[in-house]
Amino acid sequence: RCLGVASSPPPRLFDYDTVTKNLSVGDAISAVEEAFAALARGKVDVPMPMHIGIEESSVAGPGDCHIKGGYIDSTPTFTVKLACVSFYKNAERGLPPGSGIFIVVNAVTGAPLGVFQENRFMTDLRTGAAGAVAMKHCSTDAQDVVGFIGTGAIARNMARAAAAVRPFKGFCYSLDKAMGEAFAQDMEAELGMPFTVASSAEECCNVSDVLFTQTPGSSTVLEKDWLKETGVTIIASGSDQPTKQEIPNDVLTASKYISDLTMQTSRVGELRGALQAGAMTEADVYAELGEVVNGDKPGREGDEIIVVDLTGTGAQDAAIGQVAWDKLSQL
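This write-up is about the structure you can find in this document. (Residues numbered from 1 in each chain as written. Predicted model: local features only at pLDDT ≥ 70, side-chain atom pairs only at ≥ 80, totals over all residues. Heavy atoms only, no water.)

1. Observations concerning the nonpolar core
With 64 residues, the main nonpolar core has Leu23, Phe116, Phe148, Phe195, Phe212 and Leu289 as its most contacted residues. Listed in part, the 26 residues of the second largest apolar core include Leu222, Ile234, Val251 and Met280. (Core = buried A, V, L, I, M, F, W, Y, C linked by side-chain atoms within 4.5 Å. Buried < 20%, exposed > 50% of the residue type's maximum accessible area, 1.4 Å probe, protein only.)

Spelled out as structure tokens, the structure:
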């Protein structure tokens, strides 16, 4: 005799328009800050990311798929995220090069609650929120000139996040001049803060107290001699694969190096290149960002170079997943 087994309700589907119209980087900052603090206390279960490489063939690719997730202790949900990136041939099809979904799961029953078709929007929000956390804890109020190398979607969220920390004067540089000019105009209008387009990455570095780098990471984007001698905080978010590096090894070795998660940055972040070159060891890592958030180690102490290496952690995905469910499930 078969006994009936009750099934869980189906997950709610939140489409891209619903997600983008109802979430902002400001929604994520405090949750991501708390996630980093919990991560440093060992209160987050965050596995290493899974990477699936899609080689180009007659029926596929090229492209990459990243799967991340995590659970923050004593929260009611956990999150698994699938992000597809670098499908560059989509331009020929009139499609964006990336897409993605978040699956937010009930931590009591294990049943999926919601599927968020975010197409990297929530990923970019939590990355921007991490930038705000890094700027808050690793720079001072006097550091009010903020530069952006790379002016795509992540840079826009970094600018919004930086504005939530303190007012600033913005500078930017992009290889695509039109994109850089649009970024400066849009951010100045949106944030009410001045933005100037630099003529070169060197000029952008020369004036910046805080420097956000968010490029494809195929080559380094600055040089040590370009940096201000009065101390600069570099917040790098372009490296998330073993083939990428934005920050040269001599800058990394000269810096107070702070990772979002050392076991991850040593494999796919800026640290990876320095380790492979023998320029650094993991013992040279000053702290993970959560340790600075918790006050276990100080952030800025003087005129040192600080590099904060943001590869994106499952803790951040769990945090923004909870925020998204709490807000959008009420619609």
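2. Some points on the environment of Pro194
Take Pro194: it is sitting in the loop between helix H5 (177-191) and strand E10 (195-197). By relative accessible area, Pro194 is classed as partly exposed at 44%. Between the C-alpha atom of Pro194 and that of Ser259, which follows or precedes it by 65 residues, the distance is 30 Å. Once residues within four sequence positions are removed from consideration, Pro194 is found in contact with Phe168, Lys169, Gly170 and Glu188. (Helix = DSSP H or I, 4+ residues; strand = E, 2+ residues; numbered from the N terminus. Contact = heavy atoms within 4.5 Å.)

3. Thoughts on the packing of aromatic side chains
Inspection of the entire model under this criterion finds eight aromatic pairs. Each ring, one from Phe168 and one from Phe195, has its centre 5.7 Å from the other, and the planes form 75 degrees; the classification is edge-to-face. Of this pair, Phe168 sits in the loop between helix H4 (153-165) and strand E9 (169-173) while Phe195 is found in strand E10, placing the two residues 27 residues apart along the sequence. Under the relative-accessibility criterion, Phe195 is labelled buried at 8%. Taken together, the ring pairs in this structure connect Phe148, Phe168, Phe183, Phe195 and Phe212 into an aromatic cluster. The ring of Tyr286 carries Lys256 above its face, with NZ or CZ at 4.7 Å from the centroid. The aromatic ring of Tyr286 is capped on one face by Lys297, whose charged end is 5.4 Å from the ring centroid. (Phe/Tyr/Trp six-rings, centres within 6.5 Å; stacked < 30°, edge-to-face > 60°. Lys NZ or Arg CZ within 6 Å of the ring centre and 35° of its normal.)

4. Some words on the sheet that holds strand E12 (residues 233-236)
A sheet is described by the order of its strands in space; here eight strands give the open sequence E10-E9-E8-E11-E12-E15-E13-E14, paired in parallel fashion. The open sheet terminates on both sides in strands that have one partner only, identified here as E10 and strand E14 (287-288). Pairing between strand E8 (residues 145-149) and E9: five bridges, direction parallel. For Gly147, the partnering residue across the bridge sits in E9 and is Phe171. Helix H3 (residues 121-138) contacts E8, strand E11 (210-213), E12, strand E13 (256-259) and strand E15 (306-309) of the sheet and is inclined by roughly 165 degrees relative to E12. Here H5 sits on the sheet and contacts E8, E9 and E10; the angle it forms with E10, its principal contact strand, is near 175 degrees. (Pairing = 2+ DSSP bridges. Axes fitted to C-alpha atoms, helices over the stretch in contact; angles between N-to-C directions.)

5. Quick look at the pattern of salt bridges
Between side chains of opposite charge, a pair can form when the charged atoms approach closely. Under the defined criterion, the tally for this structure stands at 14 salt bridges. Across the pair Glu304 and Lys256 runs a salt bridge whose closest N-O atoms are separated by 2.9 Å. Of this pair, Glu304 sits in the loop between helix H10 (289-293) and E15 while Lys256 sits in strand E13, placing them 48 residues apart in sequence. Put simply, Lys256, Arg300, Glu301 and Glu304 are held in one network by salt bridges that share partners. (Salt bridge = Lys/Arg side-chain N within 4 Å of Asp/Glu carboxyl O.)

6. Section: H4
Taking 1.5 Å of rise per residue, 13 residues should cover 18 Å, and H4 covers 19 Å from first to last C-alpha, within 8% of that figure. Burial in H4 covers these residues: Ala155, Asn157, Met158, Ala159, Ala161 and Ala162. Structurally, H4 contributes buried residues whose contacts are with helix H2 (25-40), H3, E8, H5, E10 and E11. (Expected span 1.5 Å × (residues − 1).)

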